[in-house]
Amino acid sequence: MNEELPGREDLVRWAESRPTNYYEESANLRDVLDARAGIERRREMEPRLHRFGGVVASTIDPAVTILEHRRELPAHVPYDAVGRRVDRIEFHPEYERASAAVWDSGLLACDDGAGGAFEQAALFYLLSHVGEGGVACPAVCTAGLGRAVAGRGSPALRDRYLGGLRSARYAGSLRGSQFLTEVQGGSDVGANLVGARRDAEIEGAWRITGEKWFCSVADADLFAVTARPESAAEGTRGLGCFLVPRTLDGATPNGFRIRQLKDKLGTRCLASAEIDFDGALGWPIGGIDEGFHVAVEELLNTSRWLNAVGSTGLMRRSYLEAVSFARHRRAFGRTIATIAIVREQLALMKAEEYAALSSTLALTGLVDRIDRDDADPRERAVHRLLVNVNKYRTSLSATDVVHQGIEILGGNGTIENFSPLPRLYRDAVVYESWEGTHNVLCAQVQRDCTRLNLLDDVVAWIGEELSTVTDAETGPVESALAEVTTQLRETIGAGEGAGGRLRRQLDRLARVIQATTLLHETSSGGDEKRAVASLFASARLGADRDPSFATSLVDRVLGEDLS
Ligand SMILES: Cc1cc2nc3c(=O)[nH]c(=O)nc-3n(C[C@H](O)[C@H](O)[C@H](O)COP(=O)(O)OP(=O)(O)OC[C@H]3O[C@@H](n4cnc5c(N)ncnc54)[C@H](O)[C@@H]3O)c2cc1C
């Protein structure tokens, strides 16, 4: 009866205006790739990005939506029909469809250590328009394990597993996972109790025993597991990192039992389990006493980098949902897109996402140079700091931007089947804690700065980035940089006594870096990029705690988005 109500027609138009290709919707991704990877490399990868932008919208997003709405979540199957222990995870066919679409995009195959980092990041950004969705974490864990095996694994491990980990086809690929966290702590990996002892019969093999508390991608074919060899030192120094195949005969679990799957706030389509290992056969990745380095430098650094890419994709989707809603939704006789306060809110969401993409693709440039063995010591130092600070900042921003998006949609924003925003919000909160909580990442940066004097390298790098800026004002960023470095030099030496000051100052440094990388892009970007850089600098760096943004600046940031 009420089909014709004008409000409903507006909503129908809004729903129908959803993009059918997220790559086509992101001119900014193209611009930033041009600025960081170069036009030629962007053009070379463009057909694959374009194809995947369509697949995310047409295949992966609908699949994840069905799984979440119908609560078709992974199930633990401990025994098979005839009572044999199998510890399988069963998924709905839509999950398999979505996973196949991710792998078949080549996301795992482009990571060959020779310049694939930009393509991997760009594909992952597009994928993350669906949130984590149960499919992003497996891709990240597999990429991390691929890097660990390629960089640190023995020739036998590489021969056996690398092809499967870096497959461009889902069928026959090997999915990876990484299990560090134990019940006594995730941040304190040095407190790991899971043990390893040499296998008496198989040369080079070890037996892993103990309990892991947070095991995402519990369905993986290959687990990377940190464990302490008998009589090894305490703390992180004594840890090994082992590759443990799920099964040795294609069916029977290799010395592990799943205790239960976790019932999570977000990333619900992902199987995260508690797992008991009891004599599981594994092989060390790298030296037996290098486990912590392998875990941090190969697994966690990959996850932290891609976590930031994922948070950024999530922000982009939230902005797209909110901006198109504002275009169609009417209140008090006009579309809400015409209301100044709504416009400003949207402009700030957009600037936040642009800043996150900007700092994260600058980080990707460093990953790319390290992969090619082209990075100088300064770039390696900047990478070390940025991978942590950027993960912290972008994951916090993602939660905030999705929250803002929910607000723009009003009450509809809280409804599960109205938009993906509730799902994105839940996933964003999980992104904040896994791969390192905020305080722990800040503490890590403090330790690294004390030990390796990273701050000087970072200041010099920021200076170089700013020196490329030709037609935008760099003064406010330079003063903020000078101020925060003076503060940080004091705080870093204060150890734990620095308390919350450390986090506030590192946050400011993160904002200086984002303002800088945005300014760097203004040299090749147009007026919109200059406007975004300017709005971001006054919103996030301005001395004025209550900035008022000129309407004309907000209009320039929004460009054609609301027309
Ligand atoms: C959905 C989900 C999936 C996960 N999947 C995996 C997985 O597959 N593999 C895996 O290994 N882990 C996984 N984790 C675990 C995750 O990495 C940990 O939750 C995270 O590292 C934090 O550890 P914790 O939960 O034990 O918190 P804790 O270490 O107990 O920290 C609690 C609080 O204390 C603070 N804190 C602790 N130490 C310090 C310090 N030194 N300085 C300042 N503050 C400190 C933290 O910031 C935090 O706020 C997953 C987590 C989630 C939520």
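Quantities reported herein were computed from a predicted structural model and do not represent experimental measurements. (Residues numbered from 1 in each chain as written. Predicted model: local features only at pLDDT ≥ 70, side-chain atom pairs only at ≥ 80, totals over all residues. Heavy atoms only, no water.)

### Regarding the overall build of the protein chain
Here is step 1: On a plain count of helices and strands, the protein chain comes out with 17 helices and 11 strands.
Here is step 2: Relative to the compact-globule value of 24 Å for 563 residues, the protein chain shows a C-alpha radius of gyration of 24 Å, a close match.
Here is step 3: By its C-alpha atoms, the protein chain is 75 × 65 × 45 Å across when sized along the principal axes.
Here is step 4: Taken across its 563 residues, the protein chain has 58% of its residues classed as buried.
Here is step 5: Across the protein chain, every contact between residues at least 6 apart in sequence was considered, and the portion connecting residues at least 24 apart equals 75%.
Here is step 6: Split by element, the accessible area of the protein chain, about 22400 Å² in all, is 49% carbon and sulfur.
Here is step 7: In the protein chain, 66 positive and 81 negative side-chain charges are present, and the distance between their average locations comes to 2 Å. (Helix = DSSP H or I, 4+ residues; strand = E, 2+ residues; numbered from the N terminus. Rg over C-alpha atoms; globule rule 2.2 N^0.38 Å. Buried < 20%, exposed > 50% of the residue type's maximum accessible area, 1.4 Å probe, protein only. Contact = heavy atoms within 4.5 Å. Areas by Shrake-Rupley, 256 points an atom, 1.4 Å probe, with all protein chains shown as cover. Lys, Arg positive; Asp, Glu negative; His and termini not counted. Charge placed at Lys NZ, Arg CZ, Asp CG, Glu CD.)

### Side note on helix α15 (residues 500-522)
Here is step 1: For α15, built from 23 residues, the straight-helix expectation of 33 Å at 1.5 Å per residue is met to within 8% by its first-to-last C-alpha distance of 33 Å.
Here is step 2: With 18 of its 23 residues buried, α15 lies for the most part within the structure. (Expected span 1.5 Å × (residues − 1).)

### Regarding the site of the ligand
Here is step 1: Taken together, 19 residues are adjacent to the ligand, and Thr-181, Gly-186, Ser-187, Ser-216 and Thr-437 come closest.
Here is step 2: In this structure, Ser-187 approaches the ligand through a side-chain N or O atom, which is 2.5 Å from an oxygen atom.
Here is step 3: Calculation on the ligand without its partners gives an accessible area of 970 Å², and the protein chains cover 63% of this total.
Here is step 4: For the shell around the ligand, the secondary structure elements donating two or more residues are β3 (176-179), β5 (206-216), α11 (421-433) and α12 (438-452).
Here is step 5: Sort the elements by how many residues they give to the shell around the ligand and β5 lands first, with 3 residues.
Here is step 6: Looking at the shell around the ligand, its residues break down into 7 nonpolar, 10 polar and 2 charged. (Near = heavy atom within 4 Å. Polar contact = N/O pair within 3.5 Å; in protein donor to acceptor, adjacent residues only side chain to side chain. Nonpolar A, V, L, I, M, F, W, Y, C, P; charged D, E, K, R; others polar.)

### Some details on the pairing of strand β4 (residues 195-198)
Here is step 1: Where β4 meets β5, 4 bridges bridge the pair, whose relative direction is antiparallel. For Ala-196, the partnering residue across the bridge sits in β5 and is Ile-208.
Here is step 2: Pairing geometry for β4 and strand β6 (residues 222-229), over 2 bridges, is parallel. Residue pairing for β6: Ala-196 is matched across the bridge by Pro-229. (Pairing = 2+ DSSP bridges.)

### Some details on the nonpolar core
Here is step 1: Grouped together as the largest cluster of nonpolar side chains are 154 residues, with contacts concentrated most on Ile-60, Ile-208, Phe-277, Leu-346 and Leu-509.
Here is step 2: The element that contributes the greatest number of residues to this core is helix α9 (residues 340-371), accounting for 15 residues.
Here is step 3: For Ile-208, the contacting residues outside a window of four places in its chain are Val-194, Gly-195, Ala-196, Val-225, Ala-227, Phe-242, Val-244, Phe-277, Asp-278, Gly-279 and Ala-280.
Here is step 4: With 24 residues, the next largest nonpolar core counts Ala-148, Leu-180, Leu-222 and Ile-285 among its residues. (Core = buried A, V, L, I, M, F, W, Y, C linked by side-chain atoms within 4.5 Å.)

### Considering the pattern of salt bridges
Any two side chains of opposite charge can pair if their charged atoms end up close together.
Here is step 1: Following the criterion strictly, the structure yields 45 salt bridges and no others.
Here is step 2: A salt bridge links Arg-489 to Asp-456, with the nearest nitrogen and oxygen atoms 3.0 Å apart. Pair noted here: Arg-489 is in helix α14 (residues 475-492) and Asp-456 is in helix α13 (residues 454-467), with a separation of 33 residues, a long-range link.
Here is step 3: For Lys-529, the salt bridge goes to Glu-521, with nearest N and O atoms at 2.7 Å. Each member of the pair Lys-529 and Glu-521 is classed as buried.
Here is step 4: Among the charged side chains, a salt-bridge network with shared partners connects Arg-18, Asp-61, Arg-317, Glu-321 and Arg-423. (Salt bridge = Lys/Arg side-chain N within 4 Å of Asp/Glu carboxyl O.)

### A few points about the domain arrangement of the protein chain
Where interface size is given, it is often the accessible area lost as the parts come together that is meant.
Here is step 1: Under the domain assignment, the protein chain is made up of domain 1 (176-289) and domain 2 (438-558).
Here is step 2: For domain 1 versus domain 2, the distance between C-alpha centres works out to 39 Å. (Domains from an automatic or database assignment.)

### Regarding the packing of α15 against helix α16 (residues 527-540)
Here is step 1: Relative orientation of the contacting elements α15 and α16 amounts to 165°, with a least axis distance of 9 Å. One element, α15, and the other, α16, form an angle in the roughly antiparallel class. α15 and α16 meet at a crossing whose hand is left-handed. Here α15 contributes Arg-508, Arg-511, Gln-514, Ala-515, Leu-518, Leu-519, Glu-521 and Thr-522 to the contact with α16, which in turn contributes Lys-529, Arg-530, Val-532, Ala-533, Phe-536 and Arg-540.
Here is step 2: Broken down by class, the residue content of the contact of α15 with α16 amounts to 6 nonpolar, 2 polar and 6 charged. (Axes fitted to C-alpha atoms, helices over the stretch in contact; angles between N-to-C directions. Parallel < 35°, antiparallel > 145°, perpendicular 65-115°, else oblique. Left-handed = near helix turned anticlockwise from the far one by under 90°.)

### Some details on the side chain of Asp-427
Here is step 1: On the secondary structure map, Asp-427 appears in helix α11.
Here is step 2: Although Asp-427 is buried, it makes no salt bridge; Arg-423 carries the closest opposite charge, 5.0 Å away.
Here is step 3: Beyond its immediate chain neighbours, meaning those up to four positions away, Asp-427 contacts Gly-131, Glu-132, Gly-133, Gly-266 and Thr-267.

### What to know about the packing of helix α8 (residues 291-328) against α11
Helix-helix packing is described using two parameters, namely the angle between the two axes and the distance between the axes.
Here is step 1: At a closest axis distance of 11 Å, the pairing of α8 and α11 adopts a crossing angle of 155°. It follows from the interaxial angle that α8 and α11 lie roughly antiparallel. For the pair α8 and α11, the sense of crossing is left-handed. When α8 is examined against α11, the residues Asn-307, Gly-310, Ser-311, Leu-314, Arg-317, Ser-318 and Glu-321 are found in contact with a partner set consisting of Leu-421, Leu-424, Ala-428 and Tyr-431.
Here is step 2: A class-by-class count of the residues in the contact of α8 with α11 yields 5 nonpolar, 4 polar and 2 charged.

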